[in-house]
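Geometric and topological summary
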Amino acid sequence: MVTLILLGVLAVCVLVQLYFAFFRFLPLTRYQDPVPGTQRPVTVIVAAHNEQDNLFELLPQLLDQDYPEFEVLLVNDRSDDDTEFYTYELERQYPNFRVVTVKKTPDYLNSKKYALALGIRAARYEHLLFTDADCRPCSPNWIAKMQAGYDSGAEVVLGYSPYVQLKGFLNQLIRYETLLTGIQYLSQANAGRAYMGVGRNLSYTKSCFFKNKGFASHIKLTGGDDDLFVRDAASNSKVTIVIDKEAQTASIPKKTFREWVVQKRRHLSVGGRYRAADRRRIGAFIGANILFYILFLILLVLNSHLAILGALAGVRYLAVFPVYLAAARRLDDKISLLLMPVLDLVYFVNYLFLGISVLLYKQFRWK
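Bear in mind the structure is a predicted one, so any value in this text is a computation, not a measurement. (Residues numbered from 1 in each chain as written. Predicted model: local features only at pLDDT ≥ 70, side-chain atom pairs only at ≥ 80, totals over all residues. Heavy atoms only, no water.)

Overview of the packing of helix α2 (residues 52-63) against helix α3 (residues 83-93)
One way to put it is that α2 packs onto α3 with a least axis distance of 10 Å and a crossing angle of 20 degrees. The orientation of α2 with respect to α3, classified from their angle, is roughly parallel. Read as a crossing pair, α2 and α3 show a hand that is right-handed. Across the interface between the two elements, Gln52, Leu55, Phe56, Leu59, Pro60 and Leu63 of α2 pack against Thr83, Tyr86, Thr87 and Leu90 of α3. Its residues assigned to classes, the contact of α2 with α3 comprises seven nonpolar, three polar and no charged. (Axes fitted to C-alpha atoms, helices over the stretch in contact; angles between N-to-C directions. Helix = DSSP H or I, 4+ residues; strand = E, 2+ residues; numbered from the N terminus. Parallel < 35°, antiparallel > 145°, perpendicular 65-115°, else oblique. Left-handed = near helix turned anticlockwise from the far one by under 90°. Contact = heavy atoms within 4.5 Å. Nonpolar A, V, L, I, M, F, W, Y, C, P; charged D, E, K, R; others polar.)

The structure is reproduced here in structure tokens:
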């Protein structure tokens, strides 16, 4: 009797995953990006703290963008490396490059949000485009492609930012996690229910920022300058997405598991600030996957109803994974099909332990 109940719950988990795959994620694979039209002046903002080596690579690529009118605004956030000297030379060479320097962050304010807010206030143009120092635009048309999102009347444009492909299982896992996260927030925004974005590739208007009181609702939190701001803006502003490869920025992934876990714990720590409906939806998706693996393992150990167990697992793998793969292809993100079952298992098991650790320890800091 108990095994039948477990099988029933397992079947529900599979149905939940099929629902997300076909009704939430599959439409993203058919999404058509807007064609660049009106070319509005743009301010590209990067907040950086001791990122000299990354800025050596990033800033020339930003300044070399194929776009008629834009400026690159670097917020030098309390850096004590050679960022100041390098950017001084760039200011002399490029009239559309400026630096805002932060010497000290006011007490009880999050330093990154404070730096970004100063950059936004100093921006010359209404349309703002954000990325991080450890990111690289995937093409010289990054600005043009992202700005095409505003032609539909949007005030917020969400982009995608995959991680650079490197050797090793950790890199595969990081990129798989990024894919699943991207599929979720892009699909929701495509359906008119945006709940987050990533600061590595995000655009919104200056008016939208001030209309939503900036980062005021979460100014003291570490994290949330991207997802929680989009949460606030989505309540009264139109949000759209641009996912073309040329509109993406590629990010440099963490090199060790410990660094990645610290990063993910910081991201998960703000999840409790999402709207209740979004928390329930994310919880249903994550919970159905985690519970699937737990119940599958229990029933496998009990050696019970193996034929039904195998059929349920087969339906999940043959129906859900092809949708993930199709989404990866649409985003031009390379994911190993052979490794996908292993990556999926490790990701959701790791997510379970990360969630537990966030509940037990909630103190996180920006650099």
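There is more to say, and it comes next.
Structural notes on the domain arrangement of the protein
Segmentation of the protein into domains returns domain 1 (1-27 + 276-360) and domain 2 (33-271). In this structure, domain 1 and domain 2 have C-alpha centres spaced 31 Å apart. Residue-level contacts link 33 residues of domain 1 with 31 residues of domain 2. Here domain 1 and domain 2 share an interface that buries about 2900 Å² over both sides, 65% of which is from carbon and sulfur atoms. (Domains from an automatic or database assignment. Buried area = accessible area lost by both parts, 1.4 Å probe.)

Overview of the side chain of Thr29
Residue placement: Thr29 occurs in the loop between α1 (2-25) and β1 (42-48). Looking at Thr29, its side chain comes within polar contact range of the main-chain oxygen of Leu26, at 2.6 Å. With near-sequence residues (within four places) excluded, Thr29 lies in contact with Val323, Ala326, Ala327 and Arg330. (Polar contact = N/O pair within 3.5 Å; in protein donor to acceptor, adjacent residues only side chain to side chain.)

Observations regarding the side chain of Ser237
Examined against the element boundaries, Ser237 turns out to sit in the loop between α8 (227-233) and β8 (239-241). Ser237 sits in the buried class, given a relative accessible area of 8%. Engagement of the side chain of Ser237 in a polar contact is seen with the side chain of Glu155, the distance being 3.4 Å. Once residues within four sequence positions are removed from consideration, Ser237 is found in contact with Glu155, Cys208, Lys211 and Asn212. (Buried < 20%, exposed > 50% of the residue type's maximum accessible area, 1.4 Å probe, protein only.)

What about the nonpolar core?
Across soluble globular proteins, you tend to see nonpolar side chains buried next to one another. One finds Ile45, Leu59, Leu158, Tyr176, Tyr204 and Tyr324 to be the most contacted residues of the largest nonpolar core, which totals 111 residues. Counting residues per element, this core draws most heavily on helix α11 (residues 306-330), at eleven residues. A domain-level breakdown of this core finds at least three residues from each of domain 1 (1-27 + 276-360) and domain 2 (33-271). (Core = buried A, V, L, I, M, F, W, Y, C linked by side-chain atoms within 4.5 Å.)

Quick word on the UniProt feature "transmembrane region" (unreviewed entry) in the protein
UniProt records the feature "transmembrane region" (unreviewed entry) for residues 6-26, 282-302, 308-326 and 338-361 in the present numbering. Within the segment residues 6-26, helix and strand shares are 95% and 0% respectively, and the terminal C-alpha atoms sit 29 Å apart. Strand forms 0% of residues 282-302 and helix 100%; the C-alpha atoms that close the span are 30 Å apart. (UniProt positions renumbered as here; feature names shortened; annotations may be inferred.)

Considerations on the packing of aromatic side chains
Within the structure shown, the criterion is met by 24 aromatic pairs. Pairing Phe56 with Tyr86 gives two aromatic rings, centres 4.4 Å apart and planes at 90 degrees, and the pair type is edge-to-face. Here Phe56 is found in helix α2, whereas its partner Tyr86 is found in helix α3, with 30 residues between them in sequence. Each ring, one from Tyr204 and one from Phe229, has its centre 4.3 Å from the other, and the planes form 35 degrees; the classification is tilted. Here Tyr204 is found in strand β7 (residues 202-205), whereas its partner Phe229 is found in helix α8, with 25 residues between them in sequence. Comparing Tyr204 with Phe229 shows no difference in burial state: the two are buried. Members of the aromatic cluster, each reached through a chain of ring pairs, are Tyr19, Phe20, Phe23, Phe25, Tyr176, Phe285, Tyr317, Phe321, Tyr324, Tyr347, Phe348 and Tyr351. (Phe/Tyr/Trp six-rings, centres within 6.5 Å; stacked < 30°, edge-to-face > 60°.)

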